[in-house]
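# Observations on chain architecture
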Amino acid sequence: MTSTKGRVPTGFASEIVISESSFKAAHRARQAAAEPPSKKRKREARGDSSVVYGAGAYKGPWARYEEEQPDASSGEEEVVYEEDEIEPQPAAPTKAGTAYEENATETETSEFHGSQQYDYQGRTYMHVPQDLDIDLRGDNSGLKNFVPKKLVHTWKSHTKPITQMRFFPDAGHLLLSASADSKIKIWDVYHQRELLRTYSGHNKSVNDVDFNYDGTRFLSSSYDRQMKLWDTETGACISRFSTGKTSHVVRFNPAPAMSHEFLAGMSDKKIVQFDVRSAELVQEYDHHLGPVNTITFCDENRRFLTTSDDKSLRAWEYGIPVPIKFIAEPYMFSMVRSAPHPSGKYVIYQSSDNQIVVYASTDRFRQNRKKGASRCLRQQEFDSDAQV
């Protein structure tokens with residue numbers, strides 16, 4: 001054993017001044033050098049940017065970390081990181097939200113509500129009544145019309161606002177109503193004035209209905225982007241039409257020879273022409289700059305007038321997709337409703353500036369400023385009474 005007694009340490013030591021932050025930094029570096037090197041976690045492959053779903057889909061900077069497999073010989077436990085647990089990727093979207101043709105498979109139903117479906121001769125409500133003090137089949141042009149002063153009857157069945165009403169062509173003994181409750185109803189105007197039938201088939205608000213020339217069929221359009229052809233008597237849905245857009249107005253061609261075709265003003269600025277026999281689109285009129293609001297036939301049904309949210313009026317030859325007249329003045333507003341005069345010489349419009357304006361439906365198609373709003377209102381009432 002060696003003795004250290006009497007030994008004295010020798011050397012030179014100098015005092016050094018160091019800041020606390022420098023000391024801590026040096027201390028941490030010393031500790032890091034003494035520890036074993038750490039393993040940096042790796043992420044999974046980013047994937048192919050052209051693949052959206054499935055195997056090899058693009059993950060980018062959101063790729064999860066690779067799972068580390070611990071070495072059995074080292075005795076280390078597997079480390080689980082909570083941040084690695086992410087929500088599973090959603091399944092690829094389907095076209096159910098835009099496949100408007102799928103709505104056409106919905107079941108259309110009809111229910112009769114009248115007191116009796118057939119009379120003693122086996123006739124339905126389609127038969128024009130002849131036991132009244134007025135001949136509904138004759139010429140009613142000589143009748144006098146007056147401003148209504150008395151409420152005759154109120155029909156109640158719809159649960160939401162009524163959007164459109166149409167009298168039965170010529171006779172006017174039936175009244176067809178469309179509502180925001182997605183239902184269409186037909187009423188008896190004379191006799192018991194009862195609800196006769198309800199047509200169900202749309203799942204959103206019905207915005208327009210229109211009879212064909214003899215009233216045996218009618219069209220309906222709805223915000224569910226469907227147009228449907230109905231049998232007035234039986235309530236059966238005959239055909240369905242759709243372009244994938246909402247139709248704001250539908251009009252049968254009033255000419256008996258062309259009653260198999262109809263026009264529809266769409267929300268995508270187009271006017272489409274369908275053939276009900278083949279349910280095919282046969283013509284497009286694409287010149288408006290806004291949704292189409294009204295379609296009015298004139299000149300013995302050889303032409304028609306249209307108005308739109310673009311504050312213009314256009315005249316067309318039926319079957320020719322080029323307008324023959326374009327009217328757009330700085331003072332004009334969009335016109336949302338229209339009604340033709342029984343003589344066929346004028347068309348009145350409901351303008352968005354709270355006025356009713358009159359346009360000639362002859363060759364010039366110009367506004368008639370001599371007819372005031374009160375005259376227009378009386379004329380519109382005459383148009384309704386002429387059918388009744």
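The shown structure was predicted, so the numbers you read here are calculated from the model rather than taken from an experiment.

## Notes on the overall build of the protein
- When helices and strands are tallied, the protein shows 2 helices and 20 strands.
- Within the protein, the proportion of its 388 residues that are buried is 35%.
- Surface summary for the protein: the accessible area is close to 24800 Å², and the carbon and sulfur share equals 50%.

## Some details on the packing of aromatic side chains
- By the definition in use, this model includes 18 aromatic pairs.
- Each ring, one from Trp155 and one from Trp187, has its centre 6.3 Å from the other, and the planes form 55°; the classification is tilted. Of this pair, Trp155 sits in the loop between strand 1 (109–112) and strand 2 (162–167) while Trp187 sits in strand 4 (residues 183–188), and the two are 32 residues apart along the sequence.
- The partly exposed category is assigned to Trp155, whose relative accessible area is 27%.
- Between Tyr349 and Tyr359 the ring centres are 6.0 Å apart and the planes differ by 75°, which places this aromatic pair in the edge-to-face class. Here Tyr349, found in strand 19 (residues 346–351), pairs with Tyr359, found in strand 20 (residues 355–360); they are 10 residues apart in sequence, far enough to count as distant. Exposure class is identical for Tyr349 and Tyr359. Each is buried.

## Some points on the environment of His288
- Looking at the secondary structure, you find His288 in the loop between strand 13 (280–285) and strand 14 (292–298).
- Residues His288 and Ser308 lie 20 residues apart in sequence; the distance between their C-alpha atoms is 6.8 Å.
- For His288, the residues in contact, after removing those within four places along its chain, are Lys269, Ile271, Thr306, Thr307, Ser308, Asp310, Ser312, Arg314 and Trp316.
- In terms of polar contacts, His288 uses its side chain to reach the side chain of Thr306, at 2.8 Å.

## What about the side chain of Asp181?
- Inspection of the secondary structure puts Asp181 in the loop between strand 3 (174–179) and strand 4.
- Although Asp181 is buried, it forms no salt bridge, and the closest oppositely charged side chain is Lys185 at an N-O distance of 5.8 Å.
- There is a polar contact of 3.1 Å between the side chain of Asp181 and the backbone nitrogen of Thr159.
- Among the polar contacts made by the side chain of Asp181, one reaches the main-chain amide nitrogen of Lys183 at a distance of 3.0 Å.
- The residues touching Asp181, leaving out its near neighbours within four places in the chain, are His158, Thr159 and Lys160.

## Brief notes about the sheet that holds strand 3
- Reading across the sheet, the 5 strands line up as 1-5-4-3-2 and stay open at both edges, with antiparallel pairing between neighbours. The two strands at the open ends of the sheet, each matched to only one other strand, are strand 1 and strand 2. Averaged over neighbouring strand pairs, the angle between their axes works out to 15° when direction is ignored.

## Re the sheet that holds strand 18 (residues 335–340)
- Taken in spatial order, the 3 strands of this open sheet run 18-19-20, and their pairing is antiparallel. Each edge of the open sheet is held by one strand with a lone partner, namely strand 18 and strand 20. The average angle at which neighbouring strand axes cross in this sheet is 25°, direction not considered.
- Sheet topology note: the strand 19/strand 20 ladder contains 6 bridges and is antiparallel.

## With respect to the nonpolar core
- Core analysis: the biggest nonpolar cluster contains 24 residues, and Tyr125, Leu174, Leu176, Ile184, Ile186, Tyr199 and Phe218 have the highest contact counts within it.
- Contributing elements (two or more residues each) for this core: strand 3, strand 4, strand 5 (195–200) and strand 6 (206–211).
- Aside from chain neighbours lying at most four places away, what touches Leu174 is Tyr125, Met126, Arg166, Phe167, Phe168, Ile186, Trp187, Asp188, Val189 and Leu196.

## Quick word on the environment of Thr294
- Assignment of secondary structure puts Thr294 in strand 14.
- Distance in space between the C-alpha atoms of Thr294 and Arg251 is 9.1 Å, their sequence separation being 43 residues.
- Beyond its immediate chain neighbours, meaning those up to four positions away, Thr294 contacts Val249, Leu305, Thr306, Thr307, Met335, Val336, Arg337, Ser338 and Tyr349.
- Of note is the side chain of Thr294, whose polar atom sits 2.4 Å from the side chain of Thr307.

## Describing the pattern of salt bridges
- Using the criterion set out here, one finds 13 salt bridges in the structure.
- Taking the shortest distance from any N to any O, the salt bridge between Arg251 and Asp208 comes out at 2.9 Å. With a gap of 43 residues between them, Arg251 in strand 10 (residues 247–252) and Asp208 in strand 6 connect regions that are remote in the sequence.
- On the basis of relative accessible area, Asp208 is assigned to the buried category, the value being 1%.
- We note a salt bridge from Lys270 to Glu284, for which the minimum N-O separation is 3.6 Å.

## A few points about the environment of Asp353
- In this structure, Asp353 sits in the loop between strand 19 and strand 20.
- When the C-alpha positions of Asp353 and Met332 are compared, they lie 8.6 Å apart, and in sequence the two are 21 residues distant.
- Within the local environment of Asp353, its side chain forms a polar contact with the side chain of Ser351, the two groups lying 2.6 Å apart.

Rules behind the numbers
- Residues numbered from 1 in each chain as written.
- Predicted model: local features only at pLDDT ≥ 70, side-chain atom pairs only at ≥ 80, totals over all residues.
- Heavy atoms only, no water.
- Helix = DSSP H or I, 4+ residues; strand = E, 2+ residues; numbered from the N terminus.
- Buried < 20%, exposed > 50% of the residue type's maximum accessible area, 1.4 Å probe, protein only.
- Areas by Shrake-Rupley, 256 points an atom, 1.4 Å probe, with all protein chains shown as cover.
- Phe/Tyr/Trp six-rings, centres within 6.5 Å; stacked < 30°, edge-to-face > 60°.
- Contact = heavy atoms within 4.5 Å.
- Polar contact = N/O pair within 3.5 Å; in protein donor to acceptor, adjacent residues only side chain to side chain.
- Lys, Arg positive; Asp, Glu negative; His and termini not counted.
- Salt bridge = Lys/Arg side-chain N within 4 Å of Asp/Glu carboxyl O.
- Pairing = 2+ DSSP bridges.
- Axes fitted to C-alpha atoms, helices over the stretch in contact; angles between N-to-C directions.
- Core = buried A, V, L, I, M, F, W, Y, C linked by side-chain atoms within 4.5 Å.

In short, shape yes, function no, at least from these values alone.
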